Amino acid sequence: MACACVVAAGLVAACEPAPTPAPPPTQSPPLSSLTALPRPAVAESAPPTGAAHASNPLGLPPRTLKLDPGRRVFTVSDRMLAGAKLGSTLVLYAATVVAFEGDDLIIEGKSGSSYKVHPGYVIPVPDAPRLRPHDPVITEWNGVMKHAVITRFVKDKIEVRYTDMDPRTPLAQLKGVRFVRQTEGLAPGNFAAWKDGDTWRHVLLVARLGGAPGEPDTVQTSLPGSPARWFALGYGGAALLADESALRPIPIRPKLKVGASVWAEWVGTLRPGVVQDNEETGLYTVKFERAGRPVTLGWGLLTPPLEP
């Protein structure tokens with residue numbers, strides 16, 4: 001039930017052995033059917049402020065990323081970037097920065113040709129993160145950005161359980177792929193709750209835009225009156241802009257007991273439910289109020305009830 005999980009061909013991760021084909025993500029349908037989805041209304045308090053052009057079709061405000069050529073990132077493909085608008089479906093893929101042109105990054109494309117992208121569409125990946133078992137991480141599945149929990153180290157591979165895909169997806173042993181060790185708070189790659197009118201929506205944060213820079217080593221949480229906004233992806237990968245003051249972080253590693261009340265993701269929104277089981281590291285079973293059978297959800301897809 002991931003907010004923007006779409007299984008698509010991307011830069012193929014160097015996994016050994018190759019991952020077993022998994023059931024489609026539990027929330028987002030295949031890419032071919034996304035155009036048929038009902039789109040939630042996007043409450044925009046103000047339009048984008050930057051100049052729209054090929055590398056920045058949404059007109060995101062200026063932003064600078066200090067990265068060396070050769071660094072790995074997650075970003076959108078050139079085909080998805082072309083002509084994107086608010087509400088357009090965007091998917092984050094594993095990619096490599098080959099150069100810069102002004103503030104724009106030049107990305108090595110999947111087809112071999114390179115293209116420019118504004119840094120607001122980019123999540124940087126550290127070269128050598130320090131990882132431990134049970135760490136929540138951002139990684140990849142067939143080149144598409146995914147969330148997972150590390151289960152163990154197997155020689156030169158890292159075994160993970162994906163937490164934003166169908167819970168029946170088998171454990172994967174990965175080698176040579178990208179990892180970002182998640183930290184609590186509002187951070188690129190984390191999930192968050194966005195108060196859109198009277199509805200709390202489940203979104204994937206991509207980049208913080210504007211506002212005063214945060215202090216080093218602090219947890220970025222919702223700041224009342226903050227002028228900052230976030231570029232984020234909602235249900236089905238729908239591109240949106242959210243005021244930081246309307247965002248609340250979702251725990252990256254929640255500690256929930258059986259019987260605890262939670263808000264859990266369902267079709268892009270957060271709905272009340274009760275924890276019925278803590279099955280395995282990274283997974284919970286939740287029964288929604290007044291709705292059907294219990295479902296299994298991963299870290300990042302549920303949170304203790306939030307204050308208004």
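Residues numbered from 1 in each chain as written. Predicted model: local features only at pLDDT ≥ 70, side-chain atom pairs only at ≥ 80, totals over all residues. Heavy atoms only, no water.

As a further point, take the overall build of the chain. A tally of helices and strands in the chain yields 1 helix and 20 strands. Looking at the 308 residues of the chain, the share that counts as buried comes to 53%. For the chain, the exposed area adds up to about 13800 Å²; of that, 54% sits on carbon and sulfur atoms. (Helix = DSSP H or I, 4+ residues; strand = E, 2+ residues; numbered from the N terminus. Buried < 20%, exposed > 50% of the residue type's maximum accessible area, 1.4 Å probe, protein only. Areas by Shrake-Rupley, 256 points an atom, 1.4 Å probe, with all protein chains shown as cover.)

Moving on: the pairing of strand 11 (residues 191-196). Regular strands show a simple pattern: their side chains alternate between the two faces of the sheet. Extensive coverage of strand 11 is indicated by the burial of 5 of its 6 residues. Following strand 11, the chain reverses through 2 residues before pairing antiparallel with strand 12 (residues 199-209); G197 in that reversal takes a positive phi of roughly 70 degrees. (Pairing = 2+ DSSP bridges.)

Below, the discussion takes up a positive patch on the surface. Where like charges cluster on the molecular surface, the positive patch consists of R130, R132, R253 and K255. Of the residues examined, R253 reaches a relative accessible area of 36% and is grouped as partly exposed. (Patch = residues over 30% accessible without salt bridge, like charges linked within 9 Å, V, L, I, M, F, W, Y side chains within 5 Å. Salt bridge = Lys/Arg side-chain N within 4 Å of Asp/Glu carboxyl O. Lys, Arg positive; Asp, Glu negative; His and termini not counted. Charge placed at Lys NZ, Arg CZ, Asp CG, Glu CD.)

The subject of this paragraph is the pattern of salt bridges. A complete count under the given rule lists 11 salt bridges for this structure. The shortest N-O distance in the salt bridge between R71 and D127 comes to 3.6 Å. In this pair, R71 is assigned in the segment before strand 1 (72-75) and D127 in the loop between strand 5 (122-124) and strand 6 (136-141), connecting sequence segments 56 residues apart. A cluster of three or more residues bridged by salt bridges with shared partners is formed by D156, K157 and K175.

Looking now at the environment of I158. Mapped onto the fold, I158 is located in strand 8 (residues 157-162). For I158, a relative accessible area of 15% puts it in the buried group. For the pair I158 and R132, spaced 26 residues apart in sequence, the C-alpha to C-alpha distance is 9.8 Å. When sequence neighbours within four positions are dropped, the list of residues in contact with I158 reads L131, I150, R152, F153, A172, Q173, L174 and F179. (Contact = heavy atoms within 4.5 Å.)

F74, L92 and F231 are the most contacted members of the largest nonpolar core, which totals 57 residues. Broken down by element, this core gets its largest block of residues, 5 residues, from strand 12. Membership of the second largest hydrophobic core comes to 13 residues, among which are V137, Y162, V177 and F179. (Core = buried A, V, L, I, M, F, W, Y, C linked by side-chain atoms within 4.5 Å.)

Turning next to the confidence of the model for the chain. Of all residues in the chain, 78% have pLDDT values of 70 or greater, and the mean over the chain is 83. This stretch, residues 1-45, has a pLDDT under 50; its non-local contacts, to residues over four places away or in other chains, come to 123 contacts. (pLDDT = per-residue confidence, 0-100.)

Evaluation of the coordinates by the stated rule reveals 3 aromatic pairs. Plain terms: the ring middles of W200 and W263 are 5.9 Å apart, the flat faces sit at 50 degrees to each other, and that makes the pair tilted. Of the two residues, W200 sits in strand 12 while W263 sits in strand 16 (residues 261-266), which places them 63 residues apart along the sequence. Its relative accessible area of 10% is what places W200 among the buried residues. Directly above the ring of F288 sits R271, whose terminal nitrogen or CZ lies 5.2 Å from the centroid. (Phe/Tyr/Trp six-rings, centres within 6.5 Å; stacked < 30°, edge-to-face > 60°. Lys NZ or Arg CZ within 6 Å of the ring centre and 35° of its normal.)

Glancing now at the pairing of strand 1. Bridging between strand 1 and strand 2 (residues 93-101) involves 4 bridges; their strand directions are antiparallel. Within strand 2, the position partnered with T75 by the bridge is Y93. The pairing of strand 1 with strand 5 spans 3 bridges and is antiparallel. Following the sheet pairing, T75 is matched in strand 5 by V122.

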